[in-house]
Amino acid sequence: MDKFIYADNAATTKLDPEAFEAMKPFLLEQYANASQAYSFARTARKALSDSRKTIAALIGAKPEEIFFTSGGTESDNWAVKSSMLMPGDKNGVITSEIEHHAVLNSVKAMGRQGFDCKYIPVDSFGEVHPEALLNIISDKTRLVSVMLSNNEVGTIEPVAGLASIAHSYGALFHTDAVQSVGHIPVNINELGVDLLSASAHKFNGPKGIGFLYIREGVNLPAFNDGGSQENNKRAGTENTAAIVGMAAALSSCYARLEENAAHLKGLETQLLSMLNSAEIDYLRNGAAYHVPGNMSLSFKGVQGEMLLHRLDLMGICVSTGSACDSRNTQLSHVLKAMKIPREYALGTIRISLGKDNTKEETEKIGNSLIKILKQIKK
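Residues numbered from 1 in each chain as written. Predicted model: local features only at pLDDT ≥ 70, side-chain atom pairs only at ≥ 80, totals over all residues. Heavy atoms only, no water.

## Observations regarding the overall build of the protein
Now for step 1: When you go through the protein residue by residue, the secondary structure sums to 14 helices and 13 strands.
Now for step 2: Whereas a compact globule of 378 residues would reach a radius of gyration of roughly 21 Å, the protein reaches 21 Å, a difference of no more than 12%.
Now for step 3: Principal-axis analysis of the C-alpha atoms gives the protein an extent of 70 × 55 × 35 Å.
Now for step 4: Burial analysis of the protein (378 residues in total) assigns 56% to the buried set.
Now for step 5: In the protein, of all internal contacts separated by at least 6 residues, the share reaching a separation of at least 24 is 72%.
Now for step 6: A total accessible area of about 16,300 Å² is found for the protein, and carbon and sulfur atoms account for 52% of it.
Now for step 7: Taken as two groups, the 38 positive and 41 negative side-chain charges of the protein have centres that lie 4 Å from each other. (Helix = DSSP H or I, 4+ residues; strand = E, 2+ residues; numbered from the N terminus. Rg over C-alpha atoms; globule rule 2.2 N^0.38 Å. Buried < 20%, exposed > 50% of the residue type's maximum accessible area, 1.4 Å probe, protein only. Contact = heavy atoms within 4.5 Å. Areas by Shrake-Rupley, 256 points an atom, 1.4 Å probe, with all protein chains shown as cover. Lys, Arg positive; Asp, Glu negative; His and termini not counted. Charge placed at Lys NZ, Arg CZ, Asp CG, Glu CD.)

## Brief notes about the nonpolar core
Now for step 1: Counting 64 residues, the largest nonpolar core has I66, F173, L196 and F211 as the members making the most contacts within it.
Now for step 2: Setting aside residues no more than four positions away along its own chain, I66 makes contact with R52, I55, A56, I59, A61, F211, L212, Y213 and E230.
Now for step 3: Membership of the second largest hydrophobic core comes to 27 residues, among which are V302, V318, I365 and L369. (Core = buried A, V, L, I, M, F, W, Y, C linked by side-chain atoms within 4.5 Å.)

## Some words on helix 10 (residues 257-277)
Now for step 1: The end-to-end C-alpha distance of helix 10, which contains 21 residues, comes to 30 Å, matching closely the 30 Å that a straight helix rising 1.5 Å per residue would cover.
Now for step 2: Every buried residue of helix 10 is accounted for by L257, N260, A261, L264, L267, E268, L271, L272, M274 and L275. In a view along the axis of helix 10, the buried residues occupy a sector of 155°, so they form one face of it. Opposite the buried face of helix 10, by more than 90 degrees, sit the exposed residues E258, E259, A262 and S277.
Now for step 3: Residues of helix 10 that are buried in the fold lie against helix 9 (240-255), strand 9 (282-285), strand 10 (294-299), strand 13 (348-352) and helix 14 (359-377).
Now for step 4: Looking one or two residues beyond helix 10, the residue adopting positive phi is E279, at roughly 55°. (Expected span 1.5 Å × (residues − 1). Arc of directions from axis to C-beta.)

## Section: the sheet that holds strand 9
Now for step 1: The strand order across the open sheet formed by four strands is 9-10-13-12, and the pairing between neighbours is antiparallel. The two strands at the open ends of the sheet, each matched to only one other strand, are strand 9 and strand 12 (319-320).
Now for step 2: Pairing between strand 9 and strand 10: four bridges, direction antiparallel. Pairing of Y282 across the sheet is with F299, part of strand 10.
Now for step 3: Each of strand 10, strand 12 and strand 13 is contacted by helix 11 (residues 304-313), which is oriented at about 45° to strand 13, the strand it contacts most. (Pairing = 2+ DSSP bridges. Axes fitted to C-alpha atoms, helices over the stretch in contact; angles between N-to-C directions.)

## Looking at helix 4 (residues 101-112)
Now for step 1: Between its first and last C-alpha atoms helix 4 spans 16 Å; for 12 residues at 1.5 Å apiece the expected length is 16 Å, and the two agree.
Now for step 2: Along helix 4, the residues that are buried comprise A102, V103, L104, S106, V107, A109 and M110.
Now for step 3: Turning to helix 4, the residues buried within the fold contact helix 3 (72-84), strand 3 (92-96), strand 4 (116-120), strand 5 (141-145), strand 6 (172-176) and helix 12 (333-337).
Now for step 4: Following helix 4 by one or two positions, G114 adopts a phi angle in the positive range, close to 100°.

## Brief notes about the pairing of strand 3
Now for step 1: Of all five residues making up strand 3, five are buried, and the element is well covered by its neighbours.
Now for step 2: Of the two faces of strand 3, the one lined by G92, I94 and S96 and the one lined by V93 and T95 are each fully buried.
Now for step 3: Pairing analysis gives five bridges linking strand 3 to strand 4, with the strands arranged parallel. Across the sheet, residue V93 finds its bridge partner in strand 4, namely C117.

## Let's talk about the environment of F223
Now for step 1: With respect to the element layout, F223 can be found in the loop between strand 8 (210-214) and helix 8 (229-232).
Now for step 2: Through-space distance from the C-alpha of F223 to that of L331 is 33 Å; in sequence the pair is 108 residues apart.
Now for step 3: Setting aside its immediate chain neighbours within four residues, F223 contacts E74, N77, W78, K81, S82 and K233.

Structural data, given as structure tokens:
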């Protein structure tokens, strides 16, 4: 088998060499605990401060509004659960039907504690319409959480408009931007959000590190109790090397944002043109306004799991079903919410191309898919 082709970048990404080089000194030499008072810890402490400033500047925030976490799941849990535990008589939380399970299960956990949980439907493109939010929001709503872009189909949501509606009812607005940060322009001032989650391994940073943006003035309760790290909001010794790597990776992505987007859109067009020329019966799921490179494709009358395994035997890595639940072969909750016809939905795979994928790799993916599908139809 030739070198394998990795086309599952929405699941995780390859570590950027620049990020790796930035991390190395804090793994091998400057390994001090940044919270310590002695001089050996100064370099690590400065690295945390510099990384916080870098990340904040890239998304239009203030450094003191960036809080380091272990990744998107923790950031989502913190945003949802701690928001609902703030003092006051508001007891409602609203989210969309297509959120990542880190948000959906956090909302369900709040429901088990007696909070009122409501869900916004989406259209056939996976888009949340402001009118749908207006139909269910009330003065009792404490938090609205809608992702900036969907992890399965790539649809980019109208977050700015949704946040404006939430604020008009005195509610906080959180967006899970895990699939967006580093891939599309993200500016918290333009979005108007109060809380934003991100995870480094989705934009060529290391695994196990992320951040939560908390707008100044939002007194979100601490998620971890213990030491005084992260301004008394998130206890635990800081993972300095990973934080430095995250900042370096995000800087690299932002420097090449337009270049990477153009490259990925070209690869998308190439693959879809191949399928169309071969007269393959399929649906492209999601909206036209989507994260570049994220392609959810549903093929009529086949099983997505079969396609995944056949492609794997050909050295091509893609995903199927729910993006972070690869062992579960039942129909994705996202595709159900979008009402994708079952005869197509069961044959869904997600091909998520990254900045390192090439035209040659895309051609092989297309030819391999076409070969498999033509064989099945014989």
